[in-house]
Amino acid sequence: MNHKDNKLIFDRSGIRKILIRATNWLGDAVMTLPAIGTVRAAFPEARITVLANQMVAGLFFTHPWVDEVLIYDRKGAHKGVGGRLRLAKELRQHDFDLAVLLPDSFDGALIAWLARVPRRLGNRSDGRGILLTHAFPLALQPKGVHQSENYLAMLAHFGIIAGKQRQLLFTTDAEDLAMAGRLAEGGIAAGDFLLGVNPGATYGSAKRWYPERFAAVARELASAWGAKIVITGGPGETVIAADIERELAGSCINMAGKTSVRELMALVKRCNFFVTNDSGPMHLAAAFEVPLVAIFGSTDHTTTYPLAPNAVIIRQTVDCSPCMKRECPTDHRCMTAVTPEAVVEAAKKLLSRVTG
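This structure is a prediction, so every number in the text was calculated from the model and none was measured.

The rules behind the values
Residues numbered from 1 in each chain as written. Predicted model: local features only at pLDDT ≥ 70, side-chain atom pairs only at ≥ 80, totals over all residues. Heavy atoms only, no water. Helix = DSSP H or I, 4+ residues; strand = E, 2+ residues; numbered from the N terminus. Contact = heavy atoms within 4.5 Å. Axes fitted to C-alpha atoms, helices over the stretch in contact; angles between N-to-C directions. Parallel < 35°, antiparallel > 145°, perpendicular 65-115°, else oblique. Left-handed = near helix turned anticlockwise from the far one by under 90°. Nonpolar A, V, L, I, M, F, W, Y, C, P; charged D, E, K, R; others polar. Pairing = 2+ DSSP bridges. Buried < 20%, exposed > 50% of the residue type's maximum accessible area, 1.4 Å probe, protein only. Phe/Tyr/Trp six-rings, centres within 6.5 Å; stacked < 30°, edge-to-face > 60°.

The next subject is the side chain of Thr32. One can find Thr32 in the loop between helix H1 (26-31) and helix H2 (33-42). With near-sequence residues (within four places) excluded, Thr32 lies in contact with Thr23, Leu102 and Tyr151.

Written out as structure tokens, the structure reads:
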């Protein structure tokens, strides 16, 4: 190893097996894809393994940048101290040369250290600097930029640089056909314009706009565009989705809680337009370059906006936003100030620009 411009750069010739620790939330994991693409481009001959929890792992199945996906089952086989030691032993058997730790957690660095990965690269955060061989000072992270840029800055600090990479997601033809079949069962044909409505947000209710307003937007846009409507969401968002379904008097397909991550990817990819909260499915739509309107309230739109050319953010500037809280402690003014009329107008303008 040698020092150059205060950046510790390692010899790439000895790196044949790379472990990438994925982030723990769907949207966050999508935002790491440019960094994963950079690692792949910088080490084209290396075998890349992604370690991810059961939910996020689905993003990386059949992905052209990833050779193998390992499941980190922290609620089951890898729970507690014994489980962490078991996981470290499993990883040790792979003889990784480099671990790229994308989350900032102490846990991720500890496992890589216990697995005896000789090069461990990540942010110097959460008191874990001593466990890393290549620790990136948080003070050097660029401020006020998209989260994906922070991961790229960390890699660049250690000489891992490649041409611009996008948020590449991939579904198989079989997955797309299977989803087309499920939609056909609900009366949605291959040529129908499909409007996706995503009313949930995993982090907490502060991020969620209101079901009746989503329904009003969906009703207006479906009428204007001759569109069919599909509601998306996870298992914890079925009540919100059911509220919208009732508001629409059943003139939609409600898929909330009925899809795996892979199926959700195929469903979002099929949509012609997407209306959503700041959420994991929002980032899926951005990665698949589905035109979308995203409603932001409590979260910071400057760092987690949908990274896509055909995306519009709707928000109202209020003095307490972004608060980054799970639940609003006051009157939720950041969301009540967003009207269905504003969302409809933005959606129509965007689609006109995209199709014009």
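A few words now on the packing of helix H10 (residues 261-270) against helix H11 (residues 280-287). Remark: H10 packs on H11, axes separated minimally by 9 Å, with the N-to-C direction vectors making an angle of 55°. Looking at the two axes, H10 sits oblique to H11. Relative to H11, the crossing made by H10 is right-handed. Contacts from Leu264, Met265 and Val268 of H10 reach H11 at Pro281, Leu284 and Ala285. Among the residues making up the contact of H10 with H11, the classes are represented as 6 nonpolar, no polar and no charged.

Once that is clear, we can look at the sheet that holds strand S9 (residues 194-198). Strand order in the open sheet made by the 6 strands is S11-S10-S9-S12-S13-S14, with parallel pairing throughout. Since the sheet does not close on itself, it has two edges, and those belong to strand S11 (253-254) and strand S14 (311-314), each with one partner. Looking at chain direction, strand S12 (residues 273-277) and strand S13 (residues 292-295) are connected through 4 bridges and run parallel. Bridge pairing in S13 links Asn277 to Ile295.

Of all 5 residues making up strand S3 (residues 17-21), 4 are buried, and the element is well covered by its neighbours. Here S3 runs beside strand S4 (residues 47-52); their pairing, made up of 5 bridges, is parallel. Opposite Ile20, over in S4, you have Val50 as the bridge partner. Two strands pair when backbone bridges link them, and S3 and strand S6 (residues 98-101) are joined in this way by 4 bridges, in the parallel orientation.

Right, let's get into the environment of Arg246. Among the structural elements, Arg246 can be located in helix H9 (residues 238-247). Here the alpha-carbon distance between Arg246 and Pro211, two residues 35 residues apart in the chain, equals 9.9 Å.

Bringing the packing of aromatic side chains into the picture now. To describe a pair of aromatic rings, you give the distance between the ring centres and the angle between the ring planes. Enumeration over the complete set of coordinates arrives at 3 aromatic pairs. Aromatic pair Trp209 and Phe214: ring centres 5.1 Å apart, planes at 80°, arrangement edge-to-face. Comparing Trp209 with Phe214, the two get one shared label, buried. Taken together, the aromatic side chains of Phe193, Trp225 and Phe273 make up a single cluster linked through ring pairs.

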